[in-house]
Protein chains: 4
Amino acid sequence: MSKRIPTVLLTGFAPFGGEDENPSWDAVRALDGDTIEGHRVVARRLPVEFGASLSALRQALDELEPALVICVGQAGGRAQISLERVAINVDDARIADNAGAQPIDEPVCGDGPAAYFSDLPIKAMLAALREAGFPVEISQTAGTFVCNHVFYGLMHALRNVPQVRGGFVHIPYAPAQAARHPGAPSLPPTVVTQALRLAVAVALTVDHDVRLAAGTTH
Amino acid sequence: MSKRIPTVLLTGFAPFGGEDENPSWDAVRALDGDTIEGHRVVARRLPVEFGASLSALRQALDELEPALVICVGQAGGRAQISLERVAINVDDARIADNAGAQPIDEPVCGDGPAAYFSDLPIKAMLAALREAGFPVEISQTAGTFVCNHVFYGLMHALRNVPQVRGGFVHIPYAPAQAARHPGAPSLPPTVVTQALRLAVAVALTVDHDVRLAAGTTH
Amino acid sequence: MSKRIPTVLLTGFAPFGGEDENPSWDAVRALDGDTIEGHRVVARRLPVEFGASLSALRQALDELEPALVICVGQAGGRAQISLERVAINVDDARIADNAGAQPIDEPVCGDGPAAYFSDLPIKAMLAALREAGFPVEISQTAGTFVCNHVFYGLMHALRNVPQVRGGFVHIPYAPAQAARHPGAPSLPPTVVTQALRLAVAVALTVDHDVRLAAGTTH
Amino acid sequence: MSKRIPTVLLTGFAPFGGEDENPSWDAVRALDGDTIEGHRVVARRLPVEFGASLSALRQALDELEPALVICVGQAGGRAQISLERVAINVDDARIADNAGAQPIDEPVCGDGPAAYFSDLPIKAMLAALREAGFPVEISQTAGTFVCNHVFYGLMHALRNVPQVRGGFVHIPYAPAQAARHPGAPSLPPTVVTQALRLAVAVALTVDHDVRLAAGTTH
């Protein structure tokens, strides 16, 4: 009778907004099948669509019963890897998603609270990643597009499952994308993959988050 | 027997972070005693202190029983007037407040939900202010310092008072402050005062907010 | 036999790039006819056209024989008033000018040197303007569009006229423009007018510039 | 009788400004000894000192008699590799150099012109690097610190040597540096090394630069 190896689910997204790649998928797929702290990593790609992204995520949660879930998304224009603190219950799409939908000021979940905080020990992750030389920051907003939608939906799905930790990480453009966006910062997905490997290890081993100021005055 | 004129409470803050002025107070004090859409404006200055700021706010709410409350704060480094969408239940102070306190990852209200959305018709305000030529935007985060603390505490205080609308507006440095911060944007408090007058008028007259995309992809 | 009052020439530009106003013209026209330090201010509006802008400037120089010339231009996206240090001998237009011309890597003056430094006491102006509460900075580049074209052409015209000082100042969008450019900083032209009045006074009264570090590491 | 292999000189800098590494040196040293388009690459590290940096550079020029010289420097805060267009004849140090000197508004060369343009085919380099997926841009200013000092001194040294091309490239922080500068963009030196290899190849093979708009309006 074999004991099942516990699983970590990492998700990336399909390309959107006119891009032909999404570094979030490139970064997480490179960890698919790896073992981190005794957990097997499974990577899944989510569509950039309100609704369908969450259906795909929920299906993966049911199928894999992961111990940890980190969803990763592209934040074109941001300079550092950002550990998201909070997901809010609103869809407000500046551009249409990949299925053509553009919800404005609609709740992600009609019966959900205004927000969920990340379950991840984001301050311990911040400290460990910086110490290891990765450019990383805490972010107070995941926006109001499909990334926040997935983040909120994830935390809503996990609201009664305290033994499973979930959270969201935003990453910069890949260099090849920034080559088409004058002035935009970038980070190679290979660097992001290394950072995520460490982030997963911290999330699996740190029970209580550390006390470390990383807020903003506004 | 005279009927009391309904009141609008506008709050600004004391200087903090080494500044000798706070444009939020300069901007709102100029409206003190004015009448907007049949309401008398009362301006109050709050201390930049966790706890004490909320005590002062609650006292003003009890005393004035305002129909509308807009708290205004300085966001040094931001370029436009920002209408805040959401307050989150966390204090995470990068710098100490004016009383020397620096809470890290503590809740604003131990028994409160993760977040409250603004009661203000922020999209209608956005449209009206832009139409009138004011540089204004929707913001998805009010930070984690005293501004967010006051915003969250305000919405918590109003959570069972549906007839009173509350919200928060962040404003740029005044030009004289930016003169000491190389490269920082600014806006004269006199311009902010005009913008706030219009913002109050919209908040007093628009029942249902308009549908207008003003989110961010991240 | 009357002695002629010496003149200061201030130029602004016509709107360009899809804007329907140009704050540089709004700011300088408000000083037209004023007297500053015994000099009469004359304001002129230049077209946003390679070539024609310089013809108009040279005509004004011939006609007015000013003691001081400050050309002012809009720098949409910059947050502070910038005192330009240097004009370079190249036109490289990212967008077409108002006459449809888009020169790429052509010299402003075929027989001119690679660059001219401003004649203005920019460090003394920086110090005085900051002291007076205006957000101001030194800029190391005036770009490669019509503003730099006029700045270079001005300094070329004055190269053998040591008694006449010339220079260039870039200013932010007006607030009403920034209302149409999400996230862009702005400054009211009325504030710019006050700053220019002081800048002219300093340029007319300071013989030797002060020593004040205001460079950039890159 | 052996014919000497022609040489390409690449320079990087020592750490400065409190950093313990300088990605410009990490990026160029990796190419030392390589052959690109029939040329042998020699990498040299320059001190971050006014004067001494130029002495070291001139000594390398005398010793190596290179066919091409590209000096590379760190531009902390910039997001993309920037191909510098112009060097100006001024030292204006915001911080002291590594020897404690802080010149303000002094010429690099007392007898030199106001500026020199780069000899490199920067537009052809821009096109080739972007096509290859590197985030790269044209910059109109190399600042007023040691980088501009070296760039100006290089072009001054080469002013009568038309067969030798010289120029300057600024690069972002390395990720490990950005880990200590919240919000700062970065690019791994390994990526910069690949980009420089291609940049050198273009500079060695393109005789006449291409026509490609890459200026700024201000």
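For clarity, every value in this text was computed on a predicted model and none was experimentally measured.

The rules behind the values
- Residues numbered from 1 in each chain as written.
- Chains lettered and ligands numbered in written order.
- Predicted model: local features only at pLDDT ≥ 70, side-chain atom pairs only at ≥ 80, totals over all residues.
- Heavy atoms only, no water.
- Pairing = 2+ DSSP bridges.
- Helix = DSSP H or I, 4+ residues; strand = E, 2+ residues; numbered from the N terminus.
- Contact = heavy atoms within 4.5 Å.
- Axes fitted to C-alpha atoms, helices over the stretch in contact; angles between N-to-C directions.
- Buried area = accessible area lost by both parts, 1.4 Å probe.
- Salt bridge = Lys/Arg side-chain N within 4 Å of Asp/Glu carboxyl O.
- Polar contact = N/O pair within 3.5 Å; in protein donor to acceptor, adjacent residues only side chain to side chain.
- Least-squares fit on C-alpha atoms with pLDDT ≥ 70 in both.
- Buried < 20%, exposed > 50% of the residue type's maximum accessible area, 1.4 Å probe, protein only.
- UniProt positions renumbered as here; feature names shortened; annotations may be inferred.
- Expected span 1.5 Å × (residues − 1).
- Nonpolar A, V, L, I, M, F, W, Y, C, P; charged D, E, K, R; others polar.

(A) Spotlight on the sheet that holds strand 10 (residues 136-139) of chain D. All names here are of chain D. Ordered by their spatial adjacency, seven strands build an open sheet running 2-3-1-4-11-5-10, and the pairing between neighbours is mixed. Strand pairing shows two members of the sheet lacking a second neighbour, strand 2 (35-36) and strand 10, which therefore form its edges. Pairing between strand 1 (residues 7-13) and strand 4 (residues 68-74): four bridges, direction parallel. Bridging across to strand 4, L9 finds its partner in V69. Against the sheet, helix 4 (residues 146-157) engages strand 1, strand 3 (39-46), strand 4, strand 5 (81-84) and strand 11 (165-171), with an angle of about 170 degrees to strand 11.

(B) Looking closely at the arrangement of the chains. Left apart from each other, chain A and chain C have a closest C-alpha approach of 12 Å. With no contact formed, the shortest span from any C-alpha in chain B to any C-alpha in chain D equals 12 Å.

(C) Local environment of unusual backbone geometry. Its identity is not glycine, yet A:E65 carries a phi of approximately 45 degrees, on the positive side. Counting through the fold element by element, A:E65 comes out in the loop between helix 2 (52-64) and strand 4 (68-74).

(D) Local environment of the sheet that holds strand 4 (residues 68-74) of chain B. Residues and elements named next belong to chain B. Here seven strands make up an open sheet; going across it, the order is 2-3-1-4-11-5-10 and the pairing mixed. A strand with exactly one partner marks an edge of an open sheet, and here the two such strands are strand 2 (35-36) and strand 10 (136-139). Of the strands in this sheet, strand 1 (7-13), strand 3 (39-46) and strand 4 are in contact with helix 2 (residues 52-64), which crosses strand 3 at around 160 degrees.

(E) Here's a closer look at the interface of chain A and chain B. Taken together, the contacts link 36 residues of chain A with 36 residues of chain B. A buried area of about 3000 Å², summed over both sides, lies between chain A and chain B, and 59% of it is on carbon and sulfur atoms. Run the count over chain A and chain B and you get ten salt bridges. Between the two partners, chain A and chain B, sit 20 residue pairs in polar contact (both at pLDDT 80 or more). Counting only elements with at least two residues in the side of chain A that touches chain B, the list comes to strand 6 (86-88), strand 8 (104-106) and strand 9 (115-117) of chain A.

(F) Main features of the relation of the copies chain A and chain B. When chain A is brought onto chain B, the operation consists of a screw motion whose angular component is 180 degrees and whose axial shift is 0.0 Å, with 0.0 Å RMSD remaining. Put plainly, the chains are arranged around a two-fold axis. When C-alpha distances to the rotation axis are compared across chain A, the minimum falls at A:A115, with a value of 2.7 Å. When the interface residues of chain A are mapped onto chain B, 100% of them again fall at the interface, so both copies present the same face.

(G) Molecular detail of the side chain of A:N89. Note that A:N89 resides in the loop between strand 6 and strand 7 (91-92). Judged by its relative accessible area of 8%, A:N89 falls in the buried class. At 3.4 Å, the side chain of A:N89 forms a polar contact with the side chain of A:Y152. Ignoring sequence-local partners within four residues, the contact set of A:N89 consists of A:E106, A:P107, A:V108, A:C109, A:G112, A:P113, A:A114, A:Y152 and B:F117.

(H) A look at the UniProt feature "active site" (unreviewed entry) in chain A. Residues and elements named next belong to chain A. Under the UniProt annotation, "active site" (unreviewed entry) lies at E84, C147 and H170. These residues run over 87 residues, yet every pair of their C-alpha atoms falls within 10.5 Å of each other. The buried category is assigned to E84, whose relative accessible area is 0%. Beyond its immediate chain neighbours, meaning those up to four positions away, E84 contacts R78, S118, I122, S139, T141, A142, F151, F168 and H170. Only 2.8 Å separates the side chain of E84 from the side chain of R78, close enough to count as a polar contact. Looking at where H170 falls in the secondary structure, it is placed in strand 11 (residues 165-171).

(I) How the structure looks around helix 6 (residues 189-205) of chain A. For helix 6 of chain A, with 17 residues, the first-to-last C-alpha span of 24 Å sits near the 24 Å given by 1.5 Å per residue. Along helix 6 of chain A, the residues classified as buried are A:P189, A:V191, A:V192, A:T193, A:A195, A:L196, A:A199, A:V200, A:A201, A:V202 and A:A203.

(J) Structural context of the interface of chain C and chain D. Counting from both sides, the interface comprises 36 residues of chain C and, opposite them, 36 residues of chain D. For the pair chain C and chain D, the interface holds ten salt bridges. Across the pair C:E106 and D:R211 runs a salt bridge, and its minimum N-O distance is 3.9 Å. At the junction of chain C and chain D, the tally comes to 20 residue pairs in polar contact (both at pLDDT 80 or more). Of all the secondary structure elements, the ones that give two or more residues to the side of chain C that touches chain D are strand 6 (86-88), strand 8 (104-106) and strand 9 (115-117) of chain C. In terms of residue class, the side of chain C that touches chain D is built from 16 nonpolar, twelve polar and eight charged.

(K) Quick look at the pattern of salt bridges. Per the stated rule, a full pass over the model turns up 44 salt bridges over all chains. Between A:R85 and B:D105 there is a salt bridge, with its nearest N and O atoms 3.0 Å apart. In this pair, A:R85 sits in the loop between strand 5 (81-84) and strand 6 while B:D105 sits in strand 8 (residues 104-106), so the two residues belong to two different chains. Of the residues examined, A:R85 reaches a relative accessible area of 4% and is grouped as buried. Taking the shortest distance from any N to any O, the salt bridge between C:R85 and D:D92 comes out at 2.6 Å. On the criterion of chain membership, the pair formed by C:R85 in the loop between strand 5 (81-84) and strand 6 and D:D92 in strand 7 (residues 91-92) is interchain, its members lying in two chains. Each member of the pair C:R85 and D:D92 is classed as buried. A single network of salt bridges, built from pairs that share partners, joins A:R85, A:K123, B:D92 and B:D105.

(L) Inspection of the side chain of B:T11 at higher detail. Residue and element names in this part refer to chain B. When you line up the elements, T11 lands in strand 1. What makes T11 buried here is its relative accessible area of 0%. When residues no more than four places from it in sequence are discounted, the contact partners of T11 are V28, R44, L46, L57, I70, C71 and V72.

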